[in-house]
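# What the coordinates show
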Amino acid sequence: MTREKTKAWIWGSVALVIAVAVFFVPFAFIFLTASKDAQDSLLLQFSLPKHWQIWQNIVDVVQANHFMLPRAFFNSILLSVCSVTILVFLCSMAAYIIVRRPGRVTKVANGMLLAGLMIPPAVVPTIFIMQGLHIYGSFPGMILIEVAYNSAFTVMIFRAFISTIPKELDEAAIIDGAGPFRLYFSVIFPLLRSVTVTAIILNSVNVFNDFTQPLYYLNGPGSETVQLTLFNFTSQFNSSYNLLFMDILLVTVPMVIMFAFFNKRIVAGMTAGAVKG
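Below or above, wherever it landed, is the structure these notes cover. Throughout this document, residue positions are counted from 1 along each chain, in the order its sequence is written. In view of the model being predicted, local features appear only for residues whose pLDDT reaches at least 70, and side-chain atom pairs are presented and counted only at 80 or more, with totals across whole chains, interfaces and linings using the full set of residues. Hydrogens and water are ignored here; the side-chain numbers use all heavy atoms of the structure.

Across its full length, the protein chain holds eleven helices and zero strands. A run of H or I in DSSP becomes a helix once it reaches four residues, and a run of E becomes a strand once it reaches two; helices and strands are each numbered from the N terminus. What you see in the protein chain, going N to C, is helices and strands ordered as α-α-α-α-α-α-α-α-α-α-α. With the C-alpha coordinates aligned to their principal axes, the bounding extent of the protein chain is approximately 75 × 70 × 30 Å. Each residue gets one of three labels from its accessible area relative to the maximum for its type: buried under 20%, exposed over 50%, partly exposed in between, using a 1.4 Å probe on protein chains only. Counting every position in the protein chain, which comprises 277 residues, the buried fraction comes to 36%. Considering only contacts within the protein chain whose residues lie at least 6 apart along the sequence, 71% involve residues at least 24 apart. Values of accessible area rely on a 1.4 Å probe in the Shrake-Rupley scheme; residue burial ignores everything except the protein chains shown. For the protein chain, the computed accessible surface area is about 16500 Å², with 71% contributed by carbon and sulfur atoms. Between two residues, a contact is recorded if the distance between any of their heavy atoms is within 4.5 Å.

Structural data, given as structure tokens:
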């Protein structure tokens, strides 16, 4: 083995150890704490449970607060599906217009996209606007919030990919009599399959795992998302850490499985947009 290969092997091993420490050690701590009884979990130690009660903790978490977790899963899935559907169609069309019609308006749009990526959202003015529109605390209002907060990133992804599609396709479709909507949905949108999958997965994870926005903009029983169910097991005077960590585990596992299955598609879509853009 040459010296260069030895160095590469050493640095690769170091990177692997760091990755295990950063990602797998916290997950192992969550799993072990979620498997303990209430008294043992209060110590918050990285140790094996004295009494394994994984199934009992799962049942307690699911049944807590009149089966709040199943309702919250339904709410989060509904919120994710609606928000991501709007994001994909709206942002892909916006990116298409930005790429195909350069000019002063496009420069302003690009500036707004950068501002949307860098400037944090203003919560209080947003609440006032939503109250004026009578959508504060409602699911339609929450869907609009998720669309607004994730639109800049989604447009940037689609814009990089659409810029690689030759304009001759547009001209050929127009000559054949295609209107604007037919041109986009019959010619352009089918070519965006890889980047569309990437946008769907990334935005689904962002919306499903969002904690702060539902906390700010949703209120009332029955409208909780999965992240807000963590309040079931923590309070000022009492905390059930075994149930809290079991709830975290149940909420995290679906997203981990999604990344495990679609990791190659995510990388392919991001790489295609970055390289071709």
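After that view of the structure, there is still more to cover.
How two aromatic rings sit relative to each other is given by the distance of their centres and the angle of their planes. Note on ring pairs: Phe, Tyr and Trp rings are taken, using the six-membered ring of Trp, and paired if centres are within 6.5 Å. Classes follow the plane angle, with under 30 degrees stacked, over 60 edge-to-face and the rest tilted. Across all of its chains, the model carries 13 aromatic pairs by this definition. Arranged with centres 5.6 Å apart and planes meeting at 90 degrees, the rings of Phe29 and Phe245 form a pair that is edge-to-face. One end of the pair, Phe29, is in helix H1 (residues 3–34); the other, Phe245, is in helix H11 (residues 241–276), with 216 residues separating them in the sequence. Classification of Phe245 as buried rests on a relative accessible area of 12%. Each member of the aromatic cluster is reached from another via a ring pair, and the members are Phe89, Tyr96, Tyr184, Phe185 and Phe189.

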